[in-house]
Amino acid sequence: MNKYLVFLEQREGVVKKASIEIWNRVQELAARHPDSAVSGILAGSLDIRQLDGVLGGKGVIYHANEERFLLYNSRHYARLVADTLKRDGATSLFFADTALSRDLAPRLSVNLEASLLSGCEVFDDAGVDVGCVRPVYSGSAIASFAPERSLRIYTISSRSTRSIISFGSHIEFIALEPSGFTSENLFPFVRRIAMRKDRQDVAEAAIIVAGGRGVGDAAGFEQLEELALLLGGTVGASRPVVDEGWRPHAEQIGQTGKTVAPAIYFACGISGSVQHLAGIGSASILVAINNDPHAPIFDVADYALVGDLHIVLPKLLDAVKEFLKKR
Amino acid sequence: MNIAVCLCQVPDTASVIGFVNGTRDLSRVNWVMNPFDEYALEEAVRLKERFAGSVVTLFSIAPGAAKEMLRKALAMGADQAVLISGTEVSDPFQTARVLSRAILDFYRDALPDLVFCGKHSTDFQSAQVPLMLAEMLGIESVSSIVKLSATAEGLQVEREIEGGIEYLDVRYPALFSAEKGLNVPRKTTIKGVMEARKKPIDLLQVTIDDRAFVSMTNVKPLERKKVCRFVSEPGELIRLLIDECAVFMSSGETNGGTGEPR
């Protein structure tokens, strides 16, 4: 019997889309393995009605309905997840690949003596063991990893294709007993969080308009901002742009920045170094705009426009506005 | 203050990695210090400069060319290095286990006040070793920090999360993994390089009997070249995207503020 436990991550009381996606993908996995069951764990006081109609399949969700869990605390979260896992009898634990799970899962792996497979892009479930496949070496290679322990933890990277589970779901919520955790063992203590309300994170955006050195200067990003706003997307940046101080590090995409998986990635004035390509391998559609017809970005792009950004971008903005007006 | 810094080596991104029958050929690889470890090291050296009497000790399992890397790190301002051998590690769990044994051995079962690691190694990007090490040492930890301020009593750090920043209070002893943005690593000076030659690199044998938690069963090159469609007019590009992509059809309604794709 395979018992899968999915951690449903919330931020400020809102369950992450990435976690919902993992739940649905694990439901698909369970559907392929008849002798299996899925359950979930949710930490923090929040309105569970937000999950109506978005979680597919069937199973129970353990809800630690406490305000103290609204902010991440590695010790409390580790205790809660470990206790719930034992109670549930789960053999595999799944997380979305996020800042939180990257912090929490390695501790759980040691604590529970569980194999930790990080950043999985594809489940490799040909056999009894579910392994994981993901890119390594800056995306120049792809590797398969297999768990050696009977208990497994997976962090699953986002990808833009959506699961196709049906939503005639039967999900039961079980409220967990109060944890009784005190503040004495609270360190490291999250004093507060500050979210950038005005924009999405590149790691979570469906459309990214990214700029490189070819944008010219910090002011040149205004047009990228405008395009991103029109498309409901967000702005990303290459490393030289961040090193120059034109854009914040939070927007950097690539080897020393973030790995992204948007539906559409616009690479504007980005030549396409190996380091940058390492971060965009999971983009569904890559559109490159560059004045150098030999830029390496064109080798991996789906659509290309060769031309001066300062001429192309205004035309592109006009074309998008035209489209939005007609619709 | 005793500060430990864990360093690892990664293939230079420009290096050629060979792949034969599902395994790697690393014989032609040029090894460099993991870029994120440079931020970890720089932060440790800055703390050493602020708190008199601090000692920065490097720990590395890397074989072969590791001494060269350790000399560079010593030239950046670390005081001494411990080069660990005796166990061939094959996964993050074993790596963390060996590092934890080495650190406990070196500090004679006391704990260093601070341990710094890079956020992840750029080759495998698992980001597991730092947190596993913290768990094994039984100390507090915060991953991917972008800012640190320390007093003798405690520390305040900032950590990047999706779409924002977490502000944390931490007590000693603690482990931090460094994200880009934490600092700008210094360049080595000739004086630093000269001094580094006199600094000790201890060799430490560590054997463990823990088996790996994860094994790599296959690795092969990833072909990424696509057939790119060149278009000449922005209007044509938009039409093509509309045809191909449903996300595009729903765009423009979120005003970029909802934080999640739909």
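Everything here concerns the structure above.
Keep in mind that this is a model prediction, so the values were computed, not measured.

**Q** Could you give an account of the overall build of chain B, naming the residues involved and the relevant values?
**A** Looking only at helices and strands, chain B features seven helices and 15 strands. If you line up chain B on its principal axes, its C-alpha atoms span 65 × 50 × 40 Å. The burial tally for chain B puts 56% of its 262 residues in the buried class. Expressed as a percentage of contacts within chain B between residues at least 6 apart in sequence, the contacts between residues at least 24 apart total 70%. For chain B, the accessible surface area stands at approximately 11,700 Å², while carbon and sulfur atoms represent 50% of it. Side chains of chain B give 30 positive and 35 negative charges; the mean places of these two sets differ by 5 Å.

**Q** Mind laying out the overall build of chain A, listing which residues take part and the relevant values?
**A** A tally of regular secondary structure across chain A gives eight helices and 18 strands. Taking 327 residues into account, the globule formula puts the C-alpha radius of gyration at 20 Å, and chain A, at 21 Å, falls close to it. Along the first, second and third principal axes, the C-alpha atoms of chain A reach 60 × 45 × 40 Å. When burial is assessed residue by residue, chain A has 61% of its 327 residues classed as buried. Restricting the contact set of chain A to residue pairs at least 6 apart, pairs at least 24 apart contribute 63%. Of the roughly 12,400 Å² that chain A leaves accessible, carbon and sulfur atoms contribute 52%. Counting 34 positive and 38 negative side-chain charges, chain A places the averaged centre of each group 2 Å from the other.

**Q** Summarise helix α2 (residues 66-75) of chain B; cite the residues concerned and give the values.
**A** Residues A66(B), M69(B), L70(B), A73(B), L74(B) and A75(B) constitute the buried set of α2(B). Just beyond α2(B), the residue with positive phi is G77(B), at close to 130 degrees.

**Q** Describe the pairing of strand β12 (residues 174-178) of chain B, and please don't skip the residues or the numbers.
**A** Residue and element names in this part refer to chain B. Where burial is concerned, most of β12 is hidden: five out of the five residues are buried. On β12, burial covers both faces: A174, F176 and A178 on one face and L175 and S177 on the other are all buried. Looking at chain direction, strand β9 (residues 140-150) and β12 are connected through four bridges and run parallel. In the sheet register, E140 faces β12, and the bridge partner there is A174.

Analysis parameters
Residues numbered from 1 in each chain as written. Chains lettered and ligands numbered in written order. Predicted model: local features only at pLDDT ≥ 70, side-chain atom pairs only at ≥ 80, totals over all residues. Heavy atoms only, no water. Helix = DSSP H or I, 4+ residues; strand = E, 2+ residues; numbered from the N terminus. Buried < 20%, exposed > 50% of the residue type's maximum accessible area, 1.4 Å probe, protein only. Contact = heavy atoms within 4.5 Å. Areas by Shrake-Rupley, 256 points an atom, 1.4 Å probe, with all protein chains shown as cover. Lys, Arg positive; Asp, Glu negative; His and termini not counted. Charge placed at Lys NZ, Arg CZ, Asp CG, Glu CD. Rg over C-alpha atoms; globule rule 2.2 N^0.38 Å. Pairing = 2+ DSSP bridges.

Distances and angles like these do not, on their own, reveal function.
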